[in-house]
Amino acid sequence: MANDGDPLIELENVSKLFGATQGVTDQLLGREPNPVRAVDDVSLTINQGDIMGIAGESGCGKTTLGKLLVRLHEPTHGTIKFDGKDISDLSNEEESEFRKRVQMIFQDPFESLNPRMTVFQSVMEPLEINDMGDSYRDRRERVEEVLEDVGLAPAEPYLDEFPKELSGGERQRVAIARALIVNPDFVVCDEPVSMLDVSIRAGVLNLMKDLQDKYGLTYLFISHDLSLIGYMCDRTTIMYLGDVVEQGPTTDVVQDPKHPYTKALFDAVPEIDPEAERHRANVTGEVPNPRNPPSGCRFHPRCSTIIPPEDWTGSQEAFRRAFQFKRRVVAGDLDVEEALDDASGEPVDAVLARGLALDLPEEHSLPGEKSGAHSVDPSALNLSGDVERTLRNAAEQLVEGNHGNAKTELDGEFVSICEREHPDIRTAGTRETACHLYGVEDAESVAAPGASD
Amino acid sequence: MTLLEVNDLSIRYDVDDQSVHAVDGVTFSMDRGETYGLVGESGCGKTTLGKSLVHLLDANGRIDGGEIWLDATLPRWENEQGEPRREIIEDDQYPVREDGKTDLAQLDNEQIRDIRWRNIALIPQSAMNALNPVYKVGDQIIEAIRRHEPQTSVEEADERTRDLLERVGIDPDRADDYAHQFSGGMKQRAVIAMAMACNPDLLIADEPTTALDVIIQDRILDELEELQEEFDVSILVVSHDISVMAEICDQLAVMYGGKFMESGPKTEVFQQSSNPYTLGLKNSFPTVKEKQTDLVSIPGSPPTLLDPDPGCRFADRCPFEIEECGSSHPPMYDVSSAQDGQRVEADDAMTHRSACYRVDELETMRTEATKEETWQTTETH
């Protein structure tokens, strides 16, 4: 149920950089530190009573974001406000209050519970640390009550058991009880069910929903599994390489993704209905190294709807491939020898055919382009004369082994706004997205060029 | 044509003086070029079953009974046409049948090595860790080719290795790199290339995409499908992820507690599920695009398989339990006769089968299983 409660958590331009300090070797060698931008300039608001989902591939910064919110990490830049107060600027008393109001549930209940403590000891520990409850009897009653709330009823037989005597589902329930016993307002759940079996999973998820009502909780639900996000969350945030790329009500994000990355992500989820027609994700390559992320929009090297410059005359598909050709030449990724070995015709044609090919699922390939074959017929792209000439010149230089000249040839050609400028968050319909396809003022007027499906 | 026929296979792990019944009386068969899925929760015996086909069980595991007939034989028993020789078939000391199939369960450790990779290749679970970190990726594939096809020269093997890598979408030059220089998706592709090195008849893929991100998973599944088309290889996929199974399999078996609960063509198993466990599993699985109804979990937790009770393995958690369920685990009944109200044991391992005594009351079970309250009655400690 999406509700418009008051903002509970507000992030403003929050960044977290790892390895930002200069080590001894770096100092001696005079190297600048090259930090990993795990979370980069994220602004986000979580309302009271909401379940906010964070989704993305591994390494996108979703867990780091979660840990920032419970202050397991300090932000490098930006401010995080909890209930109106900046959490990096709290007095001791305020801090202990904050620690009570914010809790975290970890991914793996096989690791997160101390194997030498009984269930009772584990669940009671937060009460002792926070000095809650008047007497032992009082605390014990509270522990039993919470255990019954999380579905371990009757609680009595569980109290003296050790984690190894419990099943995975029971352990995760103990971990939830441990988070809830201090009566928090906000709980960060980091992949809470990914270690549990399918038949157990639904029980834990439903329990979390029930407890939300009962305890008046706000959740941050981190998961790589989009179907779980779809089931649990009111609002969803999609992250890619430390950036928030899309954010909005879950149903809208799932039904009609705006950002090309979100679309690819949802396309890639297998469908349980065996008769469902499904499109494969139209992306190339893998997630780049976060130490050295691409310029502009982080997603542009993989994106299927990269925006051609205004003076581009051909199709968007042609631009995408010409752009990839240039990118490969600049990075030195284009294997000229291999192209020459494979082909029978003119060397320049062979290099061009290889350089313009993309490794895509069959439904997104051009006619005659086979995955793994790395070759495409350039005439299928209808390149304009100028463009073809530029590409041919570059290919010629490559054949002659002048890699530097080939780069010069392509310098300044095929430049996309996606590569130049980092898109800021803008509104598109009911949600916010960071993509140049959507104009800053008028969200719907600019359609994706060439994106027919 | 049938490639693999598994009859009444049982596998035990010895633990002290007890034994874990990891796989119990499983019967199924696979056609050439087909993808067969084994789906189930952790500890249901699906990986054990896959690995037992090529004798890759842990030291305390053993095949306790049953037959594994594969349509191939050892090179030393073959004639020039690749068929088993007449005298081998007729001699009782060799486990070779009239139709040319060999019983893998009876081969010893030395003999099974000729089957591994040449006929059956394994893509292990967490392929991320399956590559040796101190050898170049290409050299590992060359090693496999040369072990199983000793007549191949190093140069030929090297060329084949590079072709294989290119085939799965890796730049052939990367054969000279080490595993740590590969990304997760590339390692997975390299392991697939390695499994395909000797052009096997059967590929066992144990959780082939579990550690991968969803977009890479999508590409790897696509890759597997293409390879299958190109090389006409059969794939036995082991996974806990029902939606991955729905995507790639032709035939499917749902396992629970070491037993097959339901098996048959994919669409039938999914759309006309006929076993309480399958029905429960479907209730507890969220989908991303369809309209979401509330998830319902199956109460209780999976059984331990240490000397289990004789009754149906699922009985403790099953809302449809009757007295008969406690007597012995139900055999696999034929679903199409059950729909006419008859309870007949299935004689064909390829048809839609379900192990449930109440299979003749299918309609009632299906209706009841969609109701949430059905699953709440048996909640226990």
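All residue numbers refer to position in the chain's written sequence, counted from 1. Each chain takes a letter, starting from A, and each ligand takes a number, starting from 1, following the order in which they are written. In view of the model being predicted, local features appear only for residues whose pLDDT reaches at least 70, and side-chain atom pairs are presented and counted only at 80 or more, with totals across whole chains, interfaces and linings using the full set of residues.

Student: Explain the overall build of chain A here, please?
Tutor: The helix and strand inventory of chain A stands at 17 helices and 12 strands. Seen through its principal axes, chain A has C-alpha atoms that stretch 85 × 60 × 45 Å. Field definition: a residue is buried when 20 or more other C-beta atoms are found within 10 Å of its C-beta, exposed when 12 or fewer are, and partly exposed for counts in between, with C-beta atoms placed from the backbone. Here chain A holds 453 residues, and 45% of them are scored as buried. Remark: residues whose backbone-derived C-beta atoms lie within 7 Å of one another are considered to be in contact. A separation of at least 24 residues holds for 67% of the contacts in chain A among residues at least 6 apart in sequence. Per the convention used, a helix needs a DSSP run of H or I reaching at least four residues, while a strand needs a run of E reaching at least two, with both numbered from the N terminus.

Student: Please explain the overall build of chain B as it appears in this structure.
Tutor: If you tally the helices and strands in chain B, you get 12 helices and 12 strands. As a reference, a globule follows 2.2 Å times the number of residues to the power 0.38, and the radius of gyration itself is taken over C-alpha atoms. Over its C-alpha atoms chain B spans a radius of gyration of 22 Å, differing by no more than 12% from the 21 Å that the globule rule assigns to 381 residues. On the principal axes, the C-alpha backbone points of chain B span a range of 65 × 55 × 45 Å. By the burial criterion, 52% of the 381 residues in chain B qualify as buried. Long-range contacts, defined as pairs at least 24 residues apart, comprise 64% of the intrachain contacts of chain B with a sequence gap of at least 6.

Student: Sorry, what's going on with the environment of B:Ile141 here?
Tutor: All names here are of chain B. Along the polypeptide, Ile141 turns up in helix 4 (residues 137-148). Taking C-alpha positions, Ile141 is 25 Å from Asp108, a pair spaced 33 residues apart along the chain. Ignoring anything within four residues of it in the chain, the contact list for Ile141 reads Thr161, Leu164, Ala193, Met194 and Ala197.

Student: Would you mind going over the pairing of strand 4 (residues 77-82) of chain A with me for this structure?
Tutor: Along any regular strand, the residues point their side chains to alternate faces of the sheet. All names here are of chain A. As judged from the 5 bridges shared by strand 1 (residues 7-18) and strand 4, these two strands associate in the antiparallel manner. Counterpart to Glu10 in the pairing with strand 4 is Lys81. Any two strands between which DSSP finds at least two bridges are classified as paired. Where strand 4 and strand 5 (residues 85-86) come together, 2 bridges link them in antiparallel fashion. Residue pairing for strand 5: Phe82 is matched across the bridge by Lys85. Hairpin connection from strand 4 to strand 5: 2 residues lie between these consecutive antiparallel strands, with Asp83 at a positive phi of about 55°.

Student: I keep staring at the domain arrangement of chain A and nothing clicks. Help me out?
Tutor: Where interface size is quoted, it is often the accessible area lost as the parts come together. Per the domain assignment, the segments of chain A are domain 1 (7-255) and domain 2 (316-415). Note: domain ranges come from an automatic or database domain assignment. The gap between the C-alpha centroids of domain 1 of chain A and domain 2 of chain A is 47 Å.

Student: What is the right way to look at the interface of chain B and chain A in this model?
Tutor: Counting residues at the interface gives 44 residues for chain B and 42 residues for chain A. When contributions to the side of chain B that touches chain A are tallied by element, the ones reaching two or more residues are helix 5 (154-167), helix 7 (214-231), helix 8 (242-248), helix 9 (266-271) and helix 10 (276-283) of chain B. With 7 residues, helix 7 of chain B is the largest single contributor of residues to the side of chain B that touches chain A.

Student: What's the story with the nonpolar core in this structure? I'm lost.
Tutor: Side chains of nonpolar character tend, in soluble globular proteins, to be buried together. As used throughout, a nonpolar core is a set of buried Ala, Val, Leu, Ile, Met, Phe, Trp, Tyr and Cys residues joined through C-beta atoms within 7 Å of each other. In this structure, A:Leu220, A:Phe221 and B:Ala195 are the most contacted members of the largest nonpolar core, which totals 237 residues. Looking at this core, you find at least three residues from each of domain 1 (7-255) and domain 2 (316-415) of chain A. Beyond its immediate sequence surroundings of up to four residues, A:Leu220 is in contact with A:Ile46, A:Met52, A:Ile54, A:Gly66, A:Leu69, A:Val188 and A:Cys189.

Student: Got a minute to help me understand the packing of helix 14 (residues 347-355) of chain A against helix 15 (residues 385-399) of chain A in this structure?
Tutor: Helix-helix packing: each pair is described by the crossing angle between the helix axes and the interaxial distance. Residue and element names in this part refer to chain A. Interaxial distance between helix 14 and helix 15 falls to 9 Å at its minimum, and their mutual angle equals 110°. On the basis of their axis angle, the class for helix 14 and helix 15 is roughly perpendicular. Seen from above, helix 14 lies across helix 15 with right-handed handedness. In this structure, helix 14 contributes Pro347, Val348, Val351, Leu352 and Gly355 to the contact, and helix 15 contributes Leu391, Arg392, Ala395, Glu396, Leu398 and Val399. Note on geometry: axes are C-alpha line fits, over the in-contact stretch for helices, and angles between N-to-C directions span 0 to 180 degrees. Convention used here: angles under 35 degrees read as roughly parallel, angles over 145 as roughly antiparallel, angles from 65 to 115 as roughly perpendicular, and any remaining angle as oblique. Take the far helix as the reference: if the near one is turned anticlockwise from it by less than a right angle, the crossing is left-handed, and if turned clockwise, right-handed.

Student: Would you mind going over helix 15 of chain A with me for this structure?
Tutor: Side chains three or four residues apart in an α-helix point the same way, a direct result of the helix having 3.6 residues per turn. Residue and element names in this part refer to chain A. Given the number of residues in a helix, its expected span is that number minus one, multiplied by 1.5 Å. Taking 1.5 Å of rise per residue, 15 residues should cover 21 Å, and helix 15 covers 21 Å from first to last C-alpha, within 8% of that figure. Listing the buried residues of helix 15 in full gives Leu391, Ala394, Ala395, Gln397 and Leu398. The buried side chains of helix 15 occupy one side of the element, clustering within an arc of 160° when seen end-on. Exposed residues lying more than 90 degrees from the buried face of helix 15 are Gly385, Asp386 and Arg389. Looking one or two residues beyond helix 15, the residue adopting positive phi is Gly401, at roughly 85°. Regarding the arc, it is the one traced by the directions from the helix axis to the C-beta atoms.

Student: Can you help me understand the sheet that holds strand 4 (residues 61-70) of chain B in this one?
Tutor: Sheet strands line up and pair through hydrogen bonds in the backbone, either parallel or antiparallel. Residue and element names in this part refer to chain B. Strand order across the open sheet formed by 4 strands is 2-1-4-5, with antiparallel pairing between neighbours. The sheet is open, and its two borders are formed by strand 2 (18-31) and strand 5 (102-103), each paired with just one other strand. One ladder, built from 8 bridges, connects strand 1 (residues 2-15) with strand 4; its direction is antiparallel. Each residue of the ladder has a partner; that of Leu4, found in strand 4, is Leu70.

Student: In this structure, what is going on with the packing of helix 10 of chain B against helix 12 (residues 362-369) of chain B? I would like to understand it.
Tutor: Residue and element names in this part refer to chain B. Where helix 10 meets helix 12, the closest approach of the two axes is 10 Å, and the angle between their N-to-C directions is 25°. Looking at the two axes, helix 10 sits roughly parallel to helix 12. Crossing handedness for the pair helix 10 and helix 12: right-handed. Facing Pro276, Leu279, Gly280 and Asn283 of helix 10, the residues of helix 12 in contact are Met365, Arg366 and Ala369.

Student: Honestly, the confidence of the model for chain B in this entry has me stumped. Any pointers?
Tutor: Detailed reading of the predicted coordinates is not advisable wherever pLDDT falls low. pLDDT gives the predictor's per-residue confidence on a scale running from 0 to 100. Summarising the model, chain B shows a mean pLDDT of 89, and 98% of its residues fall at 70 or more. Both scores are available for the predicted complex, with the pTM at 0.86 and the ipTM at 0.82.

Student: Honestly, the pairing of strand 1 of chain B in this entry has me stumped. Any pointers?
Tutor: Residue and element names in this part refer to chain B. Sheet topology places strand 1 next to strand 2; 10 bridges connect them, and they run antiparallel. Residue pairing for strand 2: Ile11 is matched across the bridge by Val23. Linking two consecutive strands that pair antiparallel, namely strand 1 and strand 2, is a turn of 2 residues; a positive phi of about 50° is found at Asp16 within it.

Student: What should I look at first to understand unusual backbone geometry in this one?
Tutor: Comment: phi is negative for the bulk of residues other than glycine, and the bulk of peptide bonds are trans. Residues and elements named next belong to chain A. Cis geometry marks the peptide bond from Ala153 to Pro154, where omega comes out at -5°. Look at Asp131: it is not a glycine, yet its phi comes out positive at around 55°. Topologically, Asp131 is positioned in the loop between helix 5 (119-129) and helix 6 (136-149). C-beta crowding within 10 Å serves as the criterion here: with 8 such atoms nearby, Asp131 is assigned to the exposed category.

Student: Mind showing me how you'd approach the sheet that holds strand 6 (residues 120-123) of chain B here?
Tutor: Residue and element names in this part refer to chain B. The strand order across the open sheet built from 8 strands is 6-7-8-3-9-10-12-11, with neighbouring strands paired in mixed fashion. Of all the strands in the sheet, just strand 6 and strand 11 (333-334) have a single pairing partner and so form its edges. Helix-sheet contacts for helix 6 (residues 184-195) involve strand 6 and strand 7 (202-206), and the interaxial angle to strand 6 is about 170°.

Student: Mind showing me how you'd approach the environment of B:Pro200 here?
Tutor: Residue and element names in this part refer to chain B. Tracing the backbone through its elements, the reader meets Pro200 in the loop between helix 6 and strand 7. For Pro200, a count of 22 C-beta atoms within 10 Å corresponds to the buried category. A C-alpha to C-alpha distance of 9.5 Å links Pro200 and Asp232, two positions 32 residues apart in sequence. Pro200 has contacts with Trp117, Arg118, Asn119, Ile120, Ala121 and Val233, leaving out every residue within four places of it along the chain.

Student: Whenever I open this one, helix 10 of chain B confuses me. Can you help?
Tutor: Of all the 8 residues making up helix 10 of chain B, 7 are buried; the element is thus mostly covered by neighbouring parts of the structure. For helix 10 of chain B, the secondary structure elements touched by its buried residues are helix 8 (198-215) of chain A together with helix 8, strand 9 (251-256), strand 10 (259-265), helix 9 and helix 12 of chain B.

Student: Could you clarify how one ought to interpret the confidence of the model for chain A in this entry?
Tutor: Residue-level pLDDT values for chain A average 86, and 94% of them are 70 or greater. Counted against residues more than four places away or in other chains, residues 441-453 of chain A, with its pLDDT under 50, gives 21 contacts.

Student: Can you walk me through the environment of B:Glu78 in this structure?
Tutor: Residue and element names in this part refer to chain B. In this structure, Glu78 sits in the loop between strand 4 and helix 2 (86-90). The class for Glu78 is partly exposed, based on 15 C-beta atoms found within 10 Å. In this structure the C-alpha to C-alpha distance between Glu78 and Ala144, which are 66 residues apart in sequence, comes to 21 Å. In this view, Glu78 contacts Thr73, Glu83, Pro84 and Arg85; residues no more than four positions away in its chain are not counted.

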